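Close look at the chain arrangement
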Amino acid sequence: MKNIIQVVRKTLSIAILVCLCGAYNYAQNKNAYSNTLPVSTPEAEGVSSAGILKFLDAVEKGQNELHSFVILRHGKIISQGWWSPYGKELKHVMFSVSKSFTSVGVGIAIAENKLKLTDKVVSFFLQSLPDTLSTYMKEMTVQDLLKMSTGMNTDPLFNVRGSTDWPKAFMSAAIENKPGSVFKYNNMATFMLSAIVQKATGQKLLDYLKPRLFDPLGIKNLAWDETREGYTFGAIGLKIQSEDMAKFGQMLLQKGKWNGKQIVPQSWVEEATSFQINSIDPGNTVPKEFNDWQQGYGYQFWRCRNNGYRADGLGGQFIIVLPEKDAVVVLTAAAINTQEELNLVWDNLLPAMQDKPLPEDKKSSAELAKRIAILAFPSTTSASPSALLNRISGKRIEVAQNEAGIQALRISIKNTEAQIVVDRGDEKYEIMAGLDNWKFSKTKLNTLAGPQRPIQGLPIQVASKYSWTDATTIQLTSRFVEESIRSEVWNLRFENNGTEIKVHFEIRNFVEFMGINSRMLEGKIVD
């Protein structure tokens, strides 16, 4: 199990990054490329369907919430599934899986002679140099950034809040150890790699990778957050589909080749995914033989047990590459114990992979197809609403002054659908919710409890459902499925005191792994 302190520390950093850069979202338009992965059956590729069923059983019994899985064997999809409301056509947040894509961008730029591993970091940012530059900062190289060996004991992420010059903030940070000597996870190191690619090539990392990586792989539906200065974030912020994660993994397994073309240098794939530095963290006390975070680190890739490697993102976003099994496993999740999530693969999927094709197993194959077709989060069943329903539906609920900036709410219920309109004064935002069933809407909000982002050009997908938890309480659950990995829950309790109907709100939203943020609001029906 990953040490809890380590998880919280890393999560806090990610939460700050999201707050600082989430507003600067840029998505690629669809293009002419259309690459799809071939499909086969588990047994034809030497994998037991019964083993995949065992994996799904373990997911169901475990404490981690999975959103999707994709299993590739010998370059073919042999099984995949999504837990509703997450789905095949939806992007999913990658968190630090983004770092591995940034590594590929650096490798391609090196192959094109735009930069070198030995280049000094400061050489790219002469206009941003602080008044005082430490000796260690002068020595730091691109390779040190890639290995998470900046020598810094503290991620300077905390220093960039409010800064208009992130590279300067990074170069101003204290460095306690010689660069290259000690592993210490550092989100700003990856941001600097993205900024270096931009300085060296004249293109944002996303624009640079589009014709070199994303287009050849046929990755069309993606977005990657930017900073206020216009750099692709690099460290986090990438959002892609699960199958596109699998394409990236298969390309790596093929050592940079795709459709017969070397799109990433083979030497870079081999070097970036190999052991480059010891990743032991004193705060993570799980023995090495059971610990996938103590197997070593490459260039923005983690080494795994079973001689594999992975792209690794907060909450259990994984692209696991297993060269000895000629396999790729993709997982997206909202996991509270990511070591347990990886153990699902080691304990169930790995033993199911054999060296030769297996006999057809019609019974297990049919059961597997049935299970995948109904993957979903636990369902809700509504109580019967009270006679208050007619006095609630379609009425304006005036909300007392609150820090969330919500002035009013209107819930219009017809049959099994509800229209929810959030009135924030100058703007009104509408979403739809199904009775005990998810219904999708598009909105410019990334939370119902907060204002629209300063810059939000693209609509955001939100899945919502409502249920009556008792005769006078409506629970509205929303998932911003392409923006977050957790739910936002509104409980509205209606109280009829004879002269008016009061509404007591409890709004609970999850700050990724920092816990539940809960607030109480009061309102009343005014028409």
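In this numbering scheme, every chain counts its residues from 1 along its sequence in written order. Local features in a predicted model are, by the rule used here, given only for residues with pLDDT of at least 70; side-chain atom pairs are given and counted only at 80 or more, and totals for whole chains, interfaces and linings are based on all residues. As a convention, hydrogens and water are excluded, and side-chain values are obtained from all of the structure's heavy atoms.

**Some remarks on the overall build of the chain**
- Segments assigned H or I by DSSP are reported as helices when at least four residues long, segments assigned E as strands when at least two residues long, and all are numbered from the N terminus. For the chain, the helix and strand inventory stands at 13 helices and 22 strands.
- Based on C-alpha atoms, the radius of gyration is set beside the globule rule, defined as 2.2 Å times the residue count to the power 0.38. For 527 residues, the compact-globule estimate of 2.2 N^0.38 gives 24 Å, and the chain sits close to it at 24 Å.
- Each principal axis of the C-alpha atoms in the chain carries an extent, and together these give about 75 × 70 × 50 Å.
- Within the chain, buried positions represent 58% of all 527 residues.
- A contact between two residues is defined here by any heavy atoms of the two lying within 4.5 Å. If you take every contact in the chain between residues at least 6 apart in sequence, the share linking residues at least 24 apart comes to 64%.
- One way to put it: in the chain the 60 positive side-chain charges average out to a point 2 Å from where the 54 negative ones average out. Accessible area is worked out with a 1.4 Å probe on protein chains only. A residue is then buried under 20% of its type maximum, exposed over 50%, and partly exposed in between. For the purpose of charge, His is not counted, nor are the chain termini; Lys and Arg are scored as positive and Asp and Glu as negative. Charged groups are reduced to one reference atom each: NZ for lysine, CZ for arginine, CG for aspartic acid, CD for glutamic acid.

**What about the side chain of Arg 305?**
- Relative to the elements of secondary structure, Arg 305 occurs in the loop between β9 (302-303) and β10 (309-313).
- Residue contacts for Arg 305: discarding those within four places in its chain leaves Glu 289, Phe 290, Asn 291, Asp 292, Gln 295, Gln 339, Asn 343 and Trp 346.

**Thoughts on the sheet that holds strand β12 (residues 327-334)**
- Within the open sheet, the six strands sit side by side as β3-β2-β12-β11-β10-β9. Their pairing is antiparallel. Across the chains shown, the open sheet's two edge strands, defined by having one partner strand only, are β3 (76-82) and β9.
- Between the N-to-C directions of two axes lies an angle of 0 to 180 degrees, each axis being a line fitted to C-alpha atoms and, for a helix, fitted only over the stretch in contact. Contacts between helix α9 (residues 242-253) and the sheet are confined to β2 (65-73), β3, β10, β11 (317-322) and β12, with β12 contributing the most and set at about 145° to the helix. Pairing between two strands is assigned when DSSP locates at least 2 bridges connecting them.

**A short note on helix α11 (residues 338-349)**
- One less than the number of residues in a helix, times 1.5 Å, gives the span that helix is expected to have. With twelve residues, α11 ought to run about 16 Å at 1.5 Å a step, and its terminal C-alpha atoms sit 16 Å apart, in line with that.
- Counting buried residues along α11, nine of its twelve residues qualify, which places the element largely inside the surrounding structure.
- Close packing links the buried residues of α11 with α2 (49-61), β2, β10, β11 and β12.
- Nitrogen and oxygen atoms within 3.5 Å of one another constitute a polar contact, given that in protein one can donate a hydrogen and the other can accept it, and given that sequence-neighbouring residues count only through two side-chain atoms. Measuring from the backbone nitrogen of Gln 339 back to the side-chain oxygen at the start of α11 gives 3.2 Å, which picks out Asn 337 as the cap.

**Overview of α2**
- Compared with the 18 Å implied by 1.5 Å per residue over 13 residues, the 19 Å span of α2 between its first and last C-alpha is a close match.
- For α2, every residue scored as buried is listed here: Ser 49, Gly 51, Ile 52, Leu 53, Phe 55, Leu 56 and Val 59.
- Contacts made by the buried residues of α2 are with β2, β3, β12, α11 and α12 (362-373).
- N-cap assignment for α2: the residue whose side-chain oxygen lies 3.1 Å from the backbone N of Ala 50 is Ser 48.

**Let's talk about unusual backbone geometry**
- In this model, Ser 84 is joined to Pro 85 through a cis peptide bond whose omega is 20°.
- One can find Pro 85 in the loop between β3 and β4 (92-93).
- Phi angles above zero are rare outside glycine, and Gln 300 is one such case at about 70°.
- Residue position: Gln 300 is located in the loop between α10 (266-272) and β9.
- Judged by relative accessible area, Gln 300 falls into the buried class, the value being 2%.
- Located in the positive-phi region is Asn 307, a residue other than glycine, with phi close to 55°.
- Within the element layout of this structure, Asn 307 appears in the loop between β9 and β10.
- Look at Asn 307 and you get partly exposed, because its relative accessible area is 40%.

**So, the environment of Thr 150**
- Structurally, Thr 150 is set in the loop between α5 (142-146) and α6 (166-171).
- Assessed through its relative accessible area of 0%, Thr 150 is described here as buried.
- Residues Thr 150 and Glu 176, 26 residues apart in the sequence, show an inter-C-alpha distance of 9.2 Å.
- Sequence-distant contacts of Thr 150, defined by excluding residues within four places in its chain, comprise Met 140, Asp 144, Leu 145, Phe 170, Ile 175, Asn 177, Pro 179, Asn 186 and Ala 189.

**Here's the deal with the packing of aromatic side chains**
- Between the rings of Phe, Tyr and Trp (Trp by its six-membered ring), a pair exists once the centres lie within 6.5 Å; its type follows the angle of the planes, with under 30 degrees stacked, over 60 edge-to-face, and the other angles tilted. Per the counting criterion, the structure on display carries 16 aromatic pairs.
- Arranged with centres 6.1 Å apart and planes meeting at 20°, the rings of Tyr 185 and Trp 302 form a pair that is stacked. With Tyr 185 in the loop between α6 and α7 (187-201) and Trp 302 in strand β9, this pair connects stretches of sequence that are 117 residues apart.
- Tyr 185 gets classed as buried once you look at its relative accessible area, which sits at 18%.
- Exposure remark for Trp 302: the relative accessible area of 5% places this residue in the buried category.
- Relative to Phe 505, the ring of Trp 490 lies with its centre 6.3 Å away and its plane at 75°, an arrangement referred to as edge-to-face. Of this pair, Trp 490 sits in strand β20 (residues 488-496) while Phe 505 sits in strand β21 (residues 501-511), and the two are 15 residues apart along the sequence. Here the two residues Trp 490 and Phe 505 agree in accessibility, since each one is buried.

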